[in-house]
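# A look at the structure
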Amino acid sequence: MCGIVGYIGKQDTVPILVDGLKRLEYRGYDSAGIAVLNGEISVIRRLGKLKELESALLESTPAGFVGIGHTRWATHGKPSEENAHPHTDCTGGFAVVHNGIIENYSSLREELQAKGHTFDSETDTETIAHLVEENYKGDLLDAVKATIKQLKGSFAMAIISKHEPDRIIAARKDSPLVLGIGDGENFIASDIPAILGSTREVIFLNNDELVEVTGDGVNIFTFNDVAVDRDSFTVHWDFEAAEKRGYEDFMLKEIHEQPVAVKETIRSRFQKGKVVLETSSNLTDDMVKAISKIFIVACGTSYHAGLVGKNVIENWARIPVEVDVASEFRYRNPIINESTLVVAISQSGETADTLASLRGAKADGAKVFAISNVVGSSITREADGTVYTHAGPEIGVAATKTLVSQMAAIYVLSLYLAQVRGTLAQNEINNIIAELNELPEKMNELLKDINGIKSCAMEFSDCKSFLFLGRGIGVPVAMEGALKLKEISYIHAEGYAAGEMKHGPIALLERSVPVVVVATEGHTYEKVISNIQEVKARDAQVVAVATEGDKEIKNHADYVFYVPRTSELLSAIPAVVPLQLLAYYIAKIRGCNVDQPRNLAKSVTVE
Ligand code: F6R
């Protein structure tokens, strides 16, 4: 995730900016840069780690008391020096750093180019610098206000101008920004850790607010121009706690970031009832209409997203789908031709088996499409097109927010296929879009009350084995619940199609083997209840994930985790959240390192 730091005061700004950026390194980034005011604006940017930037600064360090810095994690445009922030306008009079996504950047860019602006990068952010240049009539604050009115999307940004060396203007919409208050100096940052080396007095900027920061103080305004008076508070967290935003572990933080991950992934992909895939997707309507078969290939958690994809694509777009673990697909000689679409799902974009599967499928003539969280990763570079997830970097080794954003991307892709092939009516598409847009808020609600999950974890943390069951869209959810539990708590767990239980796993059942059942509303709900009865008859205890308002389930299950109602195919997203939390709390009770489970790696680049 990108990071922002800004400084204005009496000290040399470069060491302060670099220190702040170092404190944001844990968030992941691919390039970094700073802009310092010293009469002109000096911008220094480098691809790669901060040490590259530091080496460049050793050669020539700009002196100045005002500056902004950024660590970039690519969303628009590959990781490169040109795409690294800060970005400047045509005159070099303004520099901007930005986190978030400007949804309407391509139309704004075209308008600006038509007015004669020239762009040096592929980023959405550079648009902001040119808009500020265009809107500047002698007051930077006014220029930024005017610019904000033209932007759609999410942003936290900080802007400096050589014309007004005594202030930084910053603004926030749907992307965090904090102010650090010092003595004769003030700070801006996307996250508290960035400024903890200098101050513990902090003010959070709220959504739809902008701020003028000078050495003497901060003046906050709403986007509607109402002045805001807000006191600072003292941060008592140590640095490590601040990195995790007060959560005990990255995994817990990332579970709680899932509503945002889903929101960011679907953001801007629906416009006036149309599903819009970014230009990088490269799928023409003719190609979509010609698809006769889809293979989804992936590993681990991403494979479970693929299983969700099979259910959704077959239902909405009526194209036959096979889902394969990549390590099998690459060696099994599947039947592929020019009308085959292969979708490779990989959060890291680097998984060796998935990459090899993609190469094999391409060589056989298939179109290959990627779903990935990392811009410029190997899989995205070799695929014909990519639908990016926008979960931000995931630091916990066990995938959580990247999974729900993969599912969100799959819903978008499936709707797109259905739209082009005409397999869903416009009103059906509209209804699904409306439901998808409601999901982040529903997930927020779900995450507010997790005490029941904690007590259930206490009850079962000593068990040696778990069974997870589901039907339909609940099968991948059950499989993911089992995978999360085994990888972070080291308890044996199996995820199974509930109807298959009687063909084998039922032999495992006894009091000491809890059975977690995904029993959300759907067309096989009654069948799931019958499976629960079979489990109860063998004396095993049942934990059910059910839809809010389901009164019947209590008669069958020992524990119930309720999730908000949504349509059956979309229910995979809310249903997986309690299972992640169950695994998390059981692992914590057992004293496991949830962020770095033994033997596992975040990116599996070997076969
Ligand atoms: C599980 C997990 C792994 C990954 C798998 C694929 O929590 O993280 O199972 O899902 O290694 O990784 P990507 O998605 O990077 O291809």
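Computed from a predicted structure; not experimentally measured.

## Overview of the overall build of the chain
- Within the chain, the regular secondary structure consists of 19 helices and 27 strands.
- For 607 residues, the compact-globule formula gives about 25 Å, and the C-alpha radius of gyration of the chain, at 25 Å, lands near that figure.
- On the principal axes, the C-alpha backbone points of the chain span a range of 80 × 55 × 45 Å.
- Residues counted as buried form 60% of the 607 residues belonging to the chain.

## What to know about the domain arrangement of the chain
- Its domain assignment divides the chain into domain 1 (3-243), domain 2 (252-443) and domain 3 (451-589).
- With 28 residues of domain 2 at the interface, the matching set in domain 3 holds 25 residues.
- Contact between domain 2 and domain 3 buries roughly 2,200 Å² in total, counting both sides, with carbon and sulfur atoms accounting for 73%.
- By the criterion of area lost to domain 3, the three top residues of domain 2 are Leu 252, His 304 and Lys 442, representing 22% of everything that side buries.
- The interface formed by domain 2 and domain 3 includes nine residue pairs in polar contact (both at pLDDT 80 or more).
- When contributions to the side of domain 2 that touches domain 3 are tallied by element, the ones reaching two or more residues are helix H7 (250-256), helix H8 (258-266), helix H10 (300-316), helix H14 (401-421) and helix H15 (426-448).
- Counting residues per element, the side of domain 2 that touches domain 3 draws most heavily on H10, which supplies ten residues.

## Re the sheet that holds strand S18 (residues 293-298)
- On the basis of which strands lie adjacent, the open sheet formed by five strands has the order S19-S18-S20-S21-S22 and parallel pairing. At either margin of the open sheet sits one strand with a lone partner, and together these are strand S19 (321-325) and strand S22 (385-388). Pairs of neighbouring strands in the sheet enclose a mean axial angle of 20°, with direction left out of account.
- As paired elements, strand S20 (residues 340-346) and strand S21 (residues 367-372) share six bridges and run parallel to each other. The residue of S21 that forms the bridge with Val 342 is Val 368.
- Each of S18, S19 and S20 touches H10; the most contacted strand, S19, lies at about 175° to it.
- Here helix H12 (residues 352-363) sits on the sheet and contacts S18, S20 and S21; the angle it forms with S20, its principal contact strand, is near 165°.

## Points about the sheet that holds strand S13 (residues 218-222)
- Strand order in the open sheet formed by seven strands is S5-S6-S7-S8-S12-S13-S14, and the pairing between neighbours is antiparallel. Single-partner strands in this sheet number two, and they are strand S5 (87-88) and strand S14 (227-228).
- Bridge count between strand S12 (residues 209-213) and S13: five bridges; the pairing is antiparallel. For Glu 209, the partnering residue across the bridge sits in S13 and is Thr 222.
- Its contacts with the sheet place helix H5 (residues 140-150) against strand S6 (94-102), strand S7 (153-161), strand S8 (168-173), S12 and S13, and it is angled at close to 160° to S7.

## What to know about helix H1 (residues 13-23)
- For H1, the complete set of buried residues consists of Thr 13, Val 14, Ile 16, Leu 17, Val 18, Gly 20 and Leu 21.
- Packing partners of the buried residues in H1 comprise strand S1 (3-8), strand S2 (31-38), helix H2 (50-59), strand S4 (66-72) and strand S10 (186-189).

## Focus: the site of the ligand
- Around the ligand, the surrounding shell holds 14 residues, and the nearest of these are Ser 302, Ser 346, Ser 348, Thr 351 and Glu 487.
- At a separation of 3.0 Å, an oxygen atom of the ligand approaches a polar backbone atom of Thr 301.
- In this structure, Gln 347 approaches the ligand through a main-chain N or O atom, which is 2.8 Å from an oxygen atom.
- In isolation the ligand exposes 410 Å². Once the protein is present, 91% of that is buried.
- Where the shell around the ligand is concerned, the elements lending two or more residues are H10 and helix H17 (474-489).
- A per-element tally of the shell around the ligand places H10 first, with three residues.
- A per-class count over the shell around the ligand returns five nonpolar, seven polar and two charged.

## Some details on the pairing of S6
- Burial runs high along S6: eight of the nine residues are buried.
- Count of turn residues in the S5/S6 antiparallel hairpin: five residues, of which Gly 92 carries a positive phi of about 75°.
- Two strands pair when backbone bridges link them, and S6 and S7 are joined in this way by nine bridges, in the antiparallel orientation. Each bridged residue has a counterpart across the sheet, and for Asn 99 the counterpart in S7 is Ala 156.

## Thoughts on the environment of Glu 82
- The topology assignment puts Glu 82 in the loop between S4 and S5.
- Accessibility expressed as a relative area gives 44% for Glu 82, which makes it partly exposed.
- As for Glu 82 and Ser 31, which are separated by 51 residues in sequence, their C-alpha atoms are 9.8 Å apart.
- For Glu 82, the residues in contact, after removing those within four places along its chain, are Arg 45, His 87, Asp 120 and Ser 121.

## Structural notes on the packing of aromatic side chains
- If you walk through the whole model with that rule in mind, you get ten aromatic pairs.
- Aromatic side chains Phe 94 and Tyr 136 sit 5.1 Å apart centroid to centroid with 65° between the ring planes, which places their arrangement in the edge-to-face category. With Phe 94 in strand S6 and Tyr 136 in the loop between helix H4 (126-135) and H5, this residue pair connects regions lying 42 residues apart in the sequence. Across the pair, exposure class does not vary: Phe 94 and Tyr 136 are buried alike.
- These aromatic residues form a ring-pair network of at least three members: Phe 460, Phe 466, Phe 468 and Tyr 559.
- Stacked on the ring of Tyr 29, the Lys or Arg Lys 49 has its end atom at 4.2 Å from the ring centre.
- Between Arg 598 and the ring centre of Tyr 490, over which it is positioned, the NZ or CZ distance is 3.8 Å.

## Description of helix H19 (residues 572-589)
- Taking 1.5 Å per residue as the helical rise, H19 with its 18 residues ought to reach 26 Å, and the 26 Å between its terminal C-alpha atoms agrees with that figure.
- Among the 18 residues of H19, 16 are classified as buried, and the element is accordingly described as predominantly covered.
- Remark: Gly 591 follows H19 within two positions and exhibits a positive phi of approximately 75°.

## What about the nonpolar core?
- Core analysis: the biggest nonpolar cluster contains 94 residues, and Ile 294, Trp 316, Tyr 411, Leu 415 and Phe 466 have the highest contact counts within it.
- No other element matches the 14 residues that H14 contributes to this core.
- Residues from two domains meet in this core; each of domain 2 (252-443) and domain 3 (451-589) gives at least three.
- Not counting the four nearest positions on each side in its chain, Leu 415 is found in contact with Phe 270, Val 275, Trp 316, Leu 424, Ile 429, Ile 432, Ile 433 and Leu 436.

## Comments concerning the pairing of strand S23 (residues 465-470)
- Counting buried positions over the six residues of S23 gives six, a clear majority of the element.
- What you see with S23 is no split at all: Ser 465, Leu 467 and Leu 469 on one side and Phe 466, Phe 468 and Gly 470 on the other are buried throughout.
- At this point the chain moves from S23, through H17, to the parallel strand S24 (residues 492-497), and the crossover so formed is right-handed.
- As defined by bridge partners, S23 adjoins strand S25 (residues 515-519) across three bridges and the pair is classed as parallel. Each residue of the ladder has a partner; that of Leu 467, found in S25, is Val 515.

Parameters at a glance
Residues numbered from 1 in each chain as written. Predicted model: local features only at pLDDT ≥ 70, side-chain atom pairs only at ≥ 80, totals over all residues. Heavy atoms only, no water. Helix = DSSP H or I, 4+ residues; strand = E, 2+ residues; numbered from the N terminus. Rg over C-alpha atoms; globule rule 2.2 N^0.38 Å. Buried < 20%, exposed > 50% of the residue type's maximum accessible area, 1.4 Å probe, protein only. Domains from an automatic or database assignment. Contact = heavy atoms within 4.5 Å. Buried area = accessible area lost by both parts, 1.4 Å probe. Polar contact = N/O pair within 3.5 Å; in protein donor to acceptor, adjacent residues only side chain to side chain. Pairing = 2+ DSSP bridges. Axes fitted to C-alpha atoms, helices over the stretch in contact; angles between N-to-C directions. Near = heavy atom within 4 Å. Areas by Shrake-Rupley, 256 points an atom, 1.4 Å probe, with all protein chains shown as cover. Nonpolar A, V, L, I, M, F, W, Y, C, P; charged D, E, K, R; others polar. Phe/Tyr/Trp six-rings, centres within 6.5 Å; stacked < 30°, edge-to-face > 60°. Lys NZ or Arg CZ within 6 Å of the ring centre and 35° of its normal. Expected span 1.5 Å × (residues − 1). Core = buried A, V, L, I, M, F, W, Y, C linked by side-chain atoms within 4.5 Å. Right-handed = clockwise from strand over helix to strand, strands pointing away.

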